[in-house]
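An overview of the molecular structure
Okay, here's what each chain looks like letter by letter:
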Amino acid sequence: MSDKNGTATTKTMWQDTHSGLRRHKLMTKELADTIPALYANENVEDYDTVLAPAKLFSPYSNWTWYITEMDPVTGLCFGLVEGFETELGYFDLTELAEAKVFGQVPAVERDLYWKPQTLGEIKRKSSLAA
């Protein structure tokens, strides 16, 4: 990739090529800037104290992804995933952005009203709802 002067550059932000169908971006640069890099929380003793700045969800299933770490270049994320099980794991923004239902309807949305919470707060609220 090169800039307008022909100088070599690197891609600085993962791109959501399907945001037009969703009418919002799955991840913005401003939001990505608030998410720690991958492995930033690797040595945290109590993972329940780790903040999740972003929440993605599928309105067509019971799946939710809470992002705690991210590589903004590749879109690889780490965080709490609530699906068949509730567990910490890696997931890819590209795969989530490309997931569709009913033909061309995006299957995953970003919670535009999400206020960052710790994983402990999220798990407590989830267990109360169960």
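All figures in this text were calculated on a predicted structure; none of them were measured in a lab.

Regarding the overall build of the protein chain
When helices and strands are tallied, the protein chain shows four helices and nine strands. Reading the secondary structure of the protein chain in the N-to-C direction produces α-α-β-β-β-β-β-α-β-β-β-β-α. Expressed as a percentage of its 130 residues, the buried residues of the protein chain come to 42%. Considering only residue pairs separated by 6 or more positions, the protein chain has 53% of its internal contacts joining residues 24 or more positions apart. Put simply, the protein chain shows about 8000 Å² of open surface, and 53% of that area lies on carbon and sulfur atoms.

Observations regarding the pattern of salt bridges
For the coordinates displayed, the defined rule picks out three salt bridges. For Asp48, the salt bridge identified is with Lys123, shortest N-O distance 2.8 Å. Of the two residues, Asp48 is situated in the loop between α2 (29–32) and β1 (51–52) and Lys123 in helix α4 (residues 119–129); the sequence distance between them amounts to 75 residues. Judged by relative accessible area, Asp48 falls into the partly exposed class, the value being 31%. Notably, a salt bridge pairs Lys55 with Asp111, separated by 3.5 Å at the nearest N-O pair. Pair noted here: Lys55 is in strand β2 (residues 54–57) and Asp111 is in the loop between β8 (109–110) and β9 (117–118), with a separation of 56 residues, a long-range link. You'll find Lys55 and Asp111 in the same group, each marked buried.

Quick look at the nonpolar core
Counting 18 residues, the largest nonpolar core has Met27, Leu56, Ile67, Met70 and Leu93 as its most contacted members. Those elements that provide at least two residues to this core are α2, β2, β3 (64–70), β4 (76–82) and α3 (93–98). By size, the runner-up hydrophobic cluster in this structure holds 10 residues, among which are Tyr47, Tyr66, Phe78 and Trp114.

Here's the deal with the pairing of β3
Judged by how many residues are buried, β3 sits mostly within the fold: seven of seven residues are covered. Across four bridges, the pairing between β2 and β3 is antiparallel. Bridged to Lys55 within β3 is Tyr66. Linking two consecutive strands that pair antiparallel, namely β2 and β3, is a turn of six residues. Judged from the six bridges that link them, β3 and β4 form a sheet pairing that is antiparallel. Residue pairing across strands places Glu69 opposite Phe78, the latter belonging to β4.

Overview of the sheet that holds β2
Spatially, β5-β4-β3-β2-β8 is the arrangement adopted by the five strands of the open sheet, whose pairing is antiparallel. In this open sheet, the two strands that pair with only one neighbour each are β5 (86–92) and β8.

Cut-off values and rules
- Residues numbered from 1 in each chain as written.
- Predicted model: local features only at pLDDT ≥ 70, side-chain atom pairs only at ≥ 80, totals over all residues.
- Heavy atoms only, no water.
- Helix = DSSP H or I, 4+ residues; strand = E, 2+ residues; numbered from the N terminus.
- Buried < 20%, exposed > 50% of the residue type's maximum accessible area, 1.4 Å probe, protein only.
- Contact = heavy atoms within 4.5 Å.
- Areas by Shrake-Rupley, 256 points an atom, 1.4 Å probe, with all protein chains shown as cover.
- Salt bridge = Lys/Arg side-chain N within 4 Å of Asp/Glu carboxyl O.
- Core = buried A, V, L, I, M, F, W, Y, C linked by side-chain atoms within 4.5 Å.
- Pairing = 2+ DSSP bridges.

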